[in-house]
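Structural description and commentary
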Amino acid sequence: MSASTRVTGARKHLAGVLGVLFILALWQAAAFALPDFLMPGVPAVLERLFEDLGKQSFHQSLMGTLGRLGAGYGLALAAGIGFGLVAAVLFFFREVLRSAIVILQSIPSIAWVPLFLIVMGFGSTPIIVVVALSAFFPAALSVMNATESVQRVHVSAARVMGATPWGLVKRVYLPAVMPELITGAQLAFGNAWRALISAEMLIGFGKGLGRSLAYSGEIADMTGVMTNILVIAVLAALIDQFVLENLKHRLLRYQYV
């Protein structure tokens with residue numbers, strides 16, 4: 001790793017730390033300006049968080065949310081990447097898929113919850129489907145847009161050499177779209193996470209961070225509300241920075257040397 005790369009990485013981490021400190025400072029300033037029962041301060045929320053970390057109910061909520069995220073987000077990535085790559089070799093299918101996505105992504109994913117509840121009943125299934133639906137659109141669009149930038153000469157050369165449609169996808173399109181695919185996966189995660197928490201709050205079934213947040217609001221437990229918001233924010237940042245960013249660096253090593 002070069003010196004310039006290390007300096008850039010250090011600046012990035014410093015910027016992240018300063019951003020977190022700025023948010024905490026604004027939070028604490030709001031706590032000073034408002035009564036405790038409306039806006040608890042950072043120390044009180046951290047104290048509640050440490051208490052909750054030892055409770056089984058917190059662990060069940062965390063595992064419930066992560067399980068639904070893994071199922072819905074994984075399904076969305078698999079479908080988005082698959083449909084996007086198929087659209088690369090089938091022009092008519094690409095246009096149909098693009099038109100459908102333009103129409104469907106204009107509908108907030110949470111708006112599908114009442115329909116899915118009626119069709120699928122109460123449980124984790126409608127939440128997982130909402131998460132998958134919200135994450136599918138950016139994943140599929142990023143792959144489709146990237147395939148359009150693949151140089152035609154490379155595609156023509158592969159066809160002359162006898163490449164099958166699957167060979168084109170595997171040898172030409174997939175390597176070319178990898179950077180955009182990773183970016184699309186990160187965008188899809190943001191959509192999936194917001195949809196997951198919203199669906200858990202709205203459906204109110206089983207254990208989940210969204211359900212815990214909604215319950216704290218229902219009983220006017222503002223310390224519990226802010227604790228759940230803190231957990232949701234920190235967990236999303238950890239997944240994005242330590243899972244998705246590390247995956248991006250591993251898959252795109254040649255861009256970070």
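- The name given to the chain in an unreviewed UniProt entry is ABC transmembrane type-1 domain-containing protein, and the organism recorded there is Achromobacter insuavis.
- Taken from UniProt, the Subcellular location (unreviewed entry) comment for the chain reads in full: "Cell membrane".
- As recorded by UniProt, the Sequence similarities (unreviewed entry) comment attached to the chain reads in full: "Belongs to the binding-protein-dependent transport system permease family."

1. Regarding helix α5 (residues 113-120)
- Taken together, the buried positions of α5 are V113, F116 and L117. Seen end-on, α5 carries its buried residues on one side only, within an arc spanning 105 degrees. Turned more than 90 degrees off the buried face of α5, the exposed positions are I118 and V119.
- G121, located one to two residues past α5, shows a positive phi value of around 80 degrees.

2. Some remarks on the UniProt feature "transmembrane region" (unreviewed entry) in the chain
- UniProt records the feature "transmembrane region" (unreviewed entry) at residues 71-93 and 225-244, using the numbering of this structure.
- Secondary structure content for residues 71-93 is 96% helix and 0% strand, while the C-alpha to C-alpha distance between its ends is 26 Å.
- As annotated, residues 225-244 comprises 100% helix and 0% strand, and the C-alpha atoms at either end are separated by 27 Å.

3. Regarding helix α6 (residues 124-148)
- Helix length check: α6 (25 residues) gives 37 Å between terminal C-alpha atoms against 36 Å at 1.5 Å per residue, within 8%.
- Along α6, the helix axis deviates most sharply at F136, where the bend reaches about 30 degrees; the proline P138 sits within four residues downstream.
- For α6, the buried fraction is high: 18 of the 25 residues fall into the buried class.

4. What about the packing of aromatic side chains?
- Across all of its chains, the model carries six aromatic pairs by this definition.
- Measuring from ring centre to ring centre gives 5.9 Å for F83 and F93, while their planes differ by 15 degrees; the resulting arrangement is stacked. Taken together, the positions of F83 in helix α3 (residues 56-89) and F93 in helix α4 (residues 91-104) put the pair 10 residues apart, joining distant regions of the chain.
- Residue F83 is classed as partly exposed on the basis of its relative accessible area, which comes to 38%.
- Three or more aromatic residues link up through ring pairs in this structure, and these residues are F83, F93, F136 and F137.

5. Quick look at the packing of α4 against α6
- Where α4 meets α6, the closest approach of the two axes is 11 Å, and the angle between their N-to-C directions is 140 degrees. Of the possible angle classes, the one that applies to α4 and α6 is oblique. By crossing handedness, the relation of α4 to α6 is classed as left-handed. From α4, R94, L97, R98, I101 and L104 reach across to α6, where they touch F136, F137, A140, L141, M144, N145, T147 and E148.
- In the contact of α4 with α6, the residues fall into eight nonpolar, two polar and three charged.

6. Side note on the layout of surface pockets
- One number sums up the size of the second largest pocket: a volume of about 390 Å³.
- Along the wall of the second largest pocket there are 20 residues; nearest its centre are S57, S61, S212, S216 and N228.
- When contributions to the lining of the second largest pocket are tallied by element, the ones reaching two or more residues are α2 (42-52), α3, α9 (209-218) and α10 (222-251).
- Counting residues per element, the lining of the second largest pocket draws most heavily on α9, at five residues.
- Split by residue class, the lining of the second largest pocket holds five nonpolar, nine polar and six charged.

Reading the values: rules and limits
- Residues numbered from 1 in each chain as written.
- Predicted model: local features only at pLDDT ≥ 70, side-chain atom pairs only at ≥ 80, totals over all residues.
- Heavy atoms only, no water.
- UniProt positions renumbered as here; feature names shortened; annotations may be inferred.
- Buried < 20%, exposed > 50% of the residue type's maximum accessible area, 1.4 Å probe, protein only.
- Helix = DSSP H or I, 4+ residues; strand = E, 2+ residues; numbered from the N terminus.
- Arc of directions from axis to C-beta.
- Expected span 1.5 Å × (residues − 1).
- Bend = angle between axes of the 7 residues up to and from the residue.
- Phe/Tyr/Trp six-rings, centres within 6.5 Å; stacked < 30°, edge-to-face > 60°.
- Axes fitted to C-alpha atoms, helices over the stretch in contact; angles between N-to-C directions.
- Parallel < 35°, antiparallel > 145°, perpendicular 65-115°, else oblique.
- Left-handed = near helix turned anticlockwise from the far one by under 90°.
- Contact = heavy atoms within 4.5 Å.
- Nonpolar A, V, L, I, M, F, W, Y, C, P; charged D, E, K, R; others polar.
- 1 Å grid on protein atoms, 1.4 Å probe; cavity = no way out; pocket = protein on both sides within 12 Å on 5 of 7 lines; lining within 4 Å.
- Points joined across faces, edges and corners; volume = space filled by probe spheres on them.

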